[in-house]
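Fold and contact review
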Amino acid sequence: MNLDRINRYFTRFASFQIRRRWFFIAGLAALTIIGLAGLRRMTTSDNMDEWFNEFDTIQVNTDRFEELFGNEDQVLVLVQAEDVFDPEVLAMIRDLGAELLEKVPYARELRSLTDMSIVFGSEEGIELRSPFEDGIPPAGPELEEKRAYILSRSSLVNMLVSEDCRETWLVLSLYNYENKNDSAEMYSVGRAAQEIITDPKWQSPKFTLKPSGLAYTEWEENQVVMRETGRRIIGGFIVAFLCLIIFTRSFRGIIIPVLTIIGGVGSVFGYMAHLGIPADSNLMTLPILLAMALSIGYAIHLVNSFKLHFRRLGKRREALISAVGETGWPILFTAITTIGGLLSFLFAGIGALRWVGITSALTVFAVYLYVVLLVPVFFSFGKDLQVPAAAENGSTAVDRGFYHFGELLIKKRVPVIIGAFVIIAAFIPGIFGMTVNMDYFSFMGKKVPYIARLAEILDTKIGSLYTYTVMISFGEADRFKDPAEMRNLDALAQDLGALDSTKISGSRPRVSSVTEIVKEMHRTLNGDDPAYYSIPGDPDLLAQILFLYEISGGGDLFNRISEDFSTAVLTVELTGYDGNRIAKTVKDAEAAARSRFPGGNAVVVGMIASFVEMNNKVVYGELKSFGGSFLIIFILLALVFGSLRIALIGMIPNIAPVLIIGGIMGYAKIPLDMLTMTIMPMLLGIAVDDTIHFITHTRLELERSGSYRRGLLNCFGKIGKTLGTTTVILCAMFFVYALSPIAMLFHVGVLAITGMASALLADYTLTPLLMFILKPLGKEKTP
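Read on for an overview of the structure. Worth saying up front: this structure is predicted, and the values here are computed from it rather than measured. (Residues numbered from 1 in each chain as written. Predicted model: local features only at pLDDT ≥ 70, side-chain atom pairs only at ≥ 80, totals over all residues. Heavy atoms only, no water.)

A look at the overall build of the protein
Across its full length, the protein carries 24 helices and 14 strands. Expressed as lengths along the three principal axes of its C-alpha atoms, the size of the protein is roughly 115 × 50 × 45 Å. Split into buried and exposed, the 783 residues of the protein put 59% on the buried side. Taking the contacts inside the protein whose residues are at least 6 apart along the sequence as the reference set, 81% of them involve residues at least 24 apart. Of the roughly 31300 Å² of accessible surface on the protein, 59% is carried by carbon and sulfur atoms. (Helix = DSSP H or I, 4+ residues; strand = E, 2+ residues; numbered from the N terminus. Buried < 20%, exposed > 50% of the residue type's maximum accessible area, 1.4 Å probe, protein only. Contact = heavy atoms within 4.5 Å. Areas by Shrake-Rupley, 256 points an atom, 1.4 Å probe, with all protein chains shown as cover.)

See below:
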């Protein structure tokens, strides 16, 4: 590859560009206006289903569950009081429940102390009715009688209400959403519920309300993420503006990158909105901040080169043409490798990461175009410079300082290389301690108020956050009218209750199934004798119990068993979430179900099953995206430089920061999640930029001087400052993440800053020394 020949192509384009500058300004302005107009139609999405396709087993099973049993999302309110049977507290539960049922979209049914059906014995046999259907009595014998009866029901104590009567749940079940892929429908539920529950009229010293449930918390998460997104973007823009003031110190050097950020990033999101593509609310800051940082970096490379030539030549147009000729190819190639690294997210097989990969690649391409088109055009306006004699070569004191740093580096090359590899080796053991965790607490963090509230709920006697559902299906109707199968279901409930991750309230494992209804009915039909709290062995009696419960208005029955009695579900509440532990729990639960029902189809569905599958996708997605990024960049380096040897040398300094941040994640117990898993592939794509600049400029200087030593020192003197400047800007942009209370954003900020700083150090040390020692660019020329 002859760099002088390539550079001549860029000089010719720069000359044409400057001559036709008004054409470029008009064309870019038209494209920008059309793109920005689309922002009015921009929408966001945060749908967990995007992690799965319609053929994934977990998605197939979830669709089947929703077809039979409806929407698994709920709005829950944990009520805490000195006594939840206090008439004032009961009245609040009744009135709050009624308002939720009336005003919350998709509200289907309510279950609470005041809105539930309990089996009572009567002269005719049994009846289902609410203990408070005739109203809430004042404190006294009648209320105590109702309390005693409710607390005598095994299916309610430490499930709906705690045995000490200090906690109880209000549960709002929902109909299926019209379009389950539209997160706006779930948000409408959470928004309406939040407006009701947080109304000051429900505040009282007698009770405390703590809302939860996926429909509610997803809306809260959306609010937090969107607020943080706005703050990070505004913070990033402020940081970008300050960096431009510090490092360019010229009006044009500031305004052009600002226009690039607004035009490039805004146009990409605008054109996506024109095409009806929603932005991912959790990940949208990543392509925006990345594009901001890279646009400034590209601009500074070009502007600094222009300033150097302008100080030397004094002629504005000639300086611009020389600057584009010298930096055009390295900037283009770094943009290509960064885009290639970002497109590696397509290999992950996760919808959200495909979006961030494509969007980030498009924004990087857009800001690259804006920079290479706007900088030469706008800097072409103005007067020429009277060249001072002291600035004839265009270098500054900082440039000369980097030149001397290069001299010292070459002199101390052996201890520097040994020290670098020792430091890198020290981080490698930490990589094996990396974990994956996709729960609220790990990737949001308890500094977020609603997460702190959920943690408080999890610590209560009957509070829970995480559940999974075991679904057992047979191909024939009425299978669960067989007492043997119903007893197997009851035995399975005990098996699941014995798993160490199942929450225990008092002495009661929090496992619910249709067997509780059957046992309560059997007990009631036998004079409420606790000895009959069991599954009857007579098939006719079991069928009669199920029929009586159904015709008595027991709507809860078909929340636990299908209408044709071929499929039953058990819901298990958990003590907490740990990625590795929960994966084992789900595996054990499926094994227990298949052991009890060898002829049926037993699967685990629900939030936890989805999280377990997401954990697997994160692991394999990280491997595939990082492997794809490495392969793409390696191939590009080999093709462009025409040498596998140069490609390998170029990859070594860029693997180093990846190993370092992997070690930090393992040592510091920072988990892989949907955002931190983007760091390694993205870092590889960004870090290689400095390597490309260094190798390209070293090759150019080698062609001119014939000496590796002279070529490396000239390279340090010309671009050492610029490489440091662009890395400082990148780190400053990601520092806005480190200020976020959201744990995953904080982790991304810290890891990105650490990775980019270590990548710069590797390019200041390993890259030049490996080139000096191995001489991959060919033999030196004898003078």
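A closer look at the sheet that holds strand β14 (residues 601-605)
If you trace the 4 strands from one edge of the open sheet to the other, you get β12-β13-β9-β14, paired in antiparallel fashion. Both edges of this open sheet fall to β12 (511-512) and β14, since each of them pairs with a single strand only. Relative to strand β13 (residues 567-573), helix α16 (residues 483-497) is tilted by about 20 degrees, and along the sheet it contacts β9 (467-473), β12 and β13. (Pairing = 2+ DSSP bridges. Axes fitted to C-alpha atoms, helices over the stretch in contact; angles between N-to-C directions.)

Comments concerning the packing of aromatic side chains
Inspection of the entire model under this criterion finds 24 aromatic pairs. Where F306 meets F310, the ring centres are 5.1 Å apart and the plane angle is 20 degrees; that geometry is what we call stacked. On the criterion of helical spacing, the pair formed by F306 and F310 is a turn pair, its members being 4 residues apart in helix α9 (residues 285-313). Residue F306 shares its accessibility class with F310, and that shared class is buried. Ring plane angle 50 degrees and centroid distance 5.6 Å describe the contact between F402 and Y764, whose orientation is recorded as tilted. Here F402, found in helix α12 (residues 397-411), pairs with Y764, found in helix α24 (residues 743-774); they are 362 residues apart in sequence, far enough to count as distant. (Phe/Tyr/Trp six-rings, centres within 6.5 Å; stacked < 30°, edge-to-face > 60°.)

Considerations on the pairing of strand β6 (residues 167-174)
Counting buried positions over the 8 residues of β6 gives 8, a clear majority of the element. Of the two faces of β6, the one carrying E167, W169, V171 and S173 and the one carrying T168, L170, L172 and L174 are both buried. Relative to β6, strand β2 (residues 74-81) runs antiparallel, the two sharing 7 bridges. Paired with V77 across the bridge in β6 is L170. Direction of pairing for strand β3 (residues 107-111) relative to β6: antiparallel, over a ladder of 4 bridges. Across the sheet, the residue bridging to A107 is L174, located in β6.

Some points on the side chain of S173
If you trace the backbone, S173 turns up in strand β6. With a relative accessible area of 10%, S173 lands in the buried category.

Topic: the nonpolar core
Among the nonpolar cores identified, the biggest contains 247 residues, and Y468, V470, I472, L496 and I608 are the most heavily contacted of them. For this core, the leading source of residues is helix α11 (residues 351-379), giving 17 residues. Setting aside residues no more than four positions away along its own chain, I608 makes contact with Y466, T467, Y468, L574, Y577, I582 and V586. Residues F69, M471, V569 and V603 belong to the second largest nonpolar core, which totals 6 residues. (Core = buried A, V, L, I, M, F, W, Y, C linked by side-chain atoms within 4.5 Å.)

Overview of unusual backbone geometry
Phi is positive for C165, close to 65 degrees, though the residue is something other than glycine. With respect to the secondary-structure elements, C165 resides in the loop between α5 (141-151) and β6. One non-glycine residue with positive phi stands out, namely K775, at about 50 degrees. When you line up the elements, K775 lands in the segment after α24.

A word on the sheet that holds β3
Taking strand neighbours across the sheet as the criterion, the 4 strands line up as β3-β6-β2-β7 in an open arrangement whose pairing is antiparallel. On the outer flanks of this sheet lie β3 and β7 (207-212), each paired with one strand and no other. Each strand axis lies, on average, 20 degrees off the axis of its neighbour in the sheet, ignoring direction. Sheet strands touched by helix α6 (residues 183-197): β2, β6 and β7. Its angle to β2, the strand with the most contacts, is close to 20 degrees. Against the sheet, helix α7 (residues 214-248) contacts β2, β6 and β7, and its axis sits at roughly 95 degrees relative to β2.

Quick notes on the environment of R227
Among the structural elements, R227 can be located in helix α7. With a relative accessible area of 42%, R227 lands in the partly exposed category. Along the backbone, R227 and W22 are 205 residues apart, and their C-alpha atoms lie at a distance of 40 Å.

Quick look at a negative patch on the surface
Where like charges cluster on the molecular surface, the negative patch consists of E133, D134, E142 and E145. For E133, the location among the structural elements is in the loop between β5 (125-129) and α5. (Patch = residues over 30% accessible without salt bridge, like charges linked within 9 Å, V, L, I, M, F, W, Y side chains within 5 Å. Salt bridge = Lys/Arg side-chain N within 4 Å of Asp/Glu carboxyl O. Lys, Arg positive; Asp, Glu negative; His and termini not counted. Charge placed at Lys NZ, Arg CZ, Asp CG, Glu CD.)

What to know about helix α18 (residues 539-551)
Over its 13 residues, α18 extends 18 Å from the first C-alpha to the last, a length consistent with the 18 Å expected when each residue adds 1.5 Å. When α18 is considered as a whole, its buried residues turn out to be L542, I545, L546 and Y549. Looking down the long axis of α18, one finds its buried residues gathered within 90 degrees of arc, a one-sided arrangement. Opposite the packed face of α18, turned more than 90 degrees from it, sit the exposed residues D540 and I551. (Expected span 1.5 Å × (residues − 1). Arc of directions from axis to C-beta.)

What to know about a positive patch on the surface
Taken together, the side chains of R413, R709, R710 and K775 define a basic patch exposed on the protein surface. Structurally, R709 can be placed in helix α23 (residues 708-738).

Structural notes on the side chain of T727
Relative to the assigned elements, T727 resides in helix α23. One polar contact links the side chain of T727 to the main-chain carbonyl oxygen of L723, over a distance of 3.1 Å. Not counting residues within four places of it along the chain, the set of residues in contact with T727 comprises D690, M756, A757 and L760. (Polar contact = N/O pair within 3.5 Å; in protein donor to acceptor, adjacent residues only side chain to side chain.)

Details of the packing of α7 against helix α15 (residues 449-458)
Viewed as axis vectors pointing N to C, α7 and α15 meet at an angle of 150 degrees, and their least axial separation amounts to 10 Å. Looking at the two axes, α7 sits roughly antiparallel to α15. From α7, Y216, T217, E220, E221 and V224 reach across to α15, where they touch Y450, R453 and L454. Here the contact of α7 with α15 is composed, by residue class, of 4 nonpolar, 1 polar and 3 charged. (Parallel < 35°, antiparallel > 145°, perpendicular 65-115°, else oblique. Nonpolar A, V, L, I, M, F, W, Y, C, P; charged D, E, K, R; others polar.)

Thoughts on helix α4 (residues 87-103)
With 17 residues, α4 extends 24 Å between its outermost C-alpha atoms, agreeing within 8% with the 24 Å of an ideal straight helix rising 1.5 Å per residue. Among all positions in α4, only V89, L90, M92, I93, L96, G97, E99 and L100 are buried. Packed against the buried residues of α4 are β2, β3, α5, β6, α6 and β7. Near the N-terminus of α4, the side chain that reaches the backbone nitrogen of E88, with its oxygen 2.8 Å away, is that of D86.

A short note on the environment of D478
Looking at the element boundaries, D478 is found in the loop between β9 and α16. If we skip the residues at most four places from it in the chain, D478 touches D564, F565 and S566.

Points about a nonpolar patch on the surface
Where nonpolar side chains cluster on the molecular surface, the patch consists of I234, I238, F241, L242, I245 and I246 and spans about 560 Å² of accessible area. Its place among the elements puts I234 in helix α7.

Quick look at the state of the cysteines
Within the structure shown, the criterion is met by 0 disulfides. In this structure C243 is not part of a disulfide, and its nearest cysteine sulfur, from C731, lies 10 Å away. (Disulfide = S-S within 2.5 Å.)

What about the packing of helix α22 (residues 679-705) against α23?
Pairs of packed helices are described in terms of their axes, by the angle between the two and the distance that separates them. In the contact formed by α22 and α23, the axes pass within 8 Å of each other and the chain directions differ by 160 degrees. Put simply, α22 runs roughly antiparallel to α23. Considering the relative orientation of α22 and α23, their crossing is right-handed. Per-class residue counts for the contact of α22 with α23 are 12 nonpolar, 8 polar and 5 charged. (Left-handed = near helix turned anticlockwise from the far one by under 90°.)

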